[in-house]
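Structural overview
Here's the letter readout for the chains.
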Amino acid sequence: MSLSGSSQSIGVIDIRIGYNENLYYGGHIGYSVDEEYRGNRYSAKAVRLLRKVAHAHDMEKLIITCNPDNIASRKTCENLGANLLEIVDVPEENDLYQRGEKEKCRYEWVCPI
């Protein structure tokens, strides 16, 4: 992720294509903005840019997950207009649980063209 007209990285974003069981807790989209650039809604702007990628793969709805205490990510999801579906416990056998992530907020984002 970089600002328009610059090649300097300000964070990362990725999209996971398709629908499968692993995405229930991990979601389709992951993002992180470097600390000095936070507070400018860059995550939401970057996520919106992924709409074309999602539509190219016939994906009209994406799941975005975050930890319940990650207020910035929750605000990003709300800014996108994503709907909070539920807050779920991560099963002990899941990789996320092994990294210390015990709960996930699951948002659904209908990504309009």
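Below is a summary of the structure that appears in this document. (Residues numbered from 1 in each chain as written. Predicted model: local features only at pLDDT ≥ 70, side-chain atom pairs only at ≥ 80, totals over all residues. Heavy atoms only, no water.)

**What about the overall build of the chain?**
- Of regular secondary structure, the chain possesses 5 helices and 5 strands.
- Taking 113 residues into account, the globule formula puts the C-alpha radius of gyration at 13 Å, and the chain, at 14 Å, falls close to it.
- On the principal axes, the C-alpha backbone points of the chain span a range of 45 × 35 × 20 Å.
- Taken over 113 residues, the chain has a buried fraction of 35%.
- When the 14 basic and 17 acidic side-chain charges of the chain are each reduced to a single mean position, those positions are 8 Å apart. (Helix = DSSP H or I, 4+ residues; strand = E, 2+ residues; numbered from the N terminus. Rg over C-alpha atoms; globule rule 2.2 N^0.38 Å. Buried < 20%, exposed > 50% of the residue type's maximum accessible area, 1.4 Å probe, protein only. Lys, Arg positive; Asp, Glu negative; His and termini not counted. Charge placed at Lys NZ, Arg CZ, Asp CG, Glu CD.)

**Focus on the packing of aromatic side chains**
- Applying the stated criterion across every chain, the model contains 1 aromatic pair.
- Taking 4.8 Å as the distance between ring centres and 75° as the angle between the ring planes, the aromatic pair formed by Tyr24 and Tyr25 counts as edge-to-face.
- Tyr24 gets classed as partly exposed once you look at its relative accessible area, which sits at 30%.
- Classification of Tyr25 as buried rests on a relative accessible area of 16%.
- Over the face of the ring belonging to Tyr97 we find Lys102, whose NZ or CZ atom lies 3.7 Å from the ring centre. (Phe/Tyr/Trp six-rings, centres within 6.5 Å; stacked < 30°, edge-to-face > 60°. Lys NZ or Arg CZ within 6 Å of the ring centre and 35° of its normal.)

**Section: the sheet that holds strand β5 (residues 103-110)**
- Strand order across the open sheet formed by 3 strands is β3-β5-β4, with antiparallel pairing between neighbours. Strands with a single pairing partner mark the edges of an open sheet, and in this sheet they are β3 (61-66) and β4 (83-89). Here the average twist between neighbouring strands, direction ignored, is 25°.
- Looking at chain direction, β4 and β5 are connected through 6 bridges and run antiparallel. (Pairing = 2+ DSSP bridges. Axes fitted to C-alpha atoms, helices over the stretch in contact; angles between N-to-C directions.)

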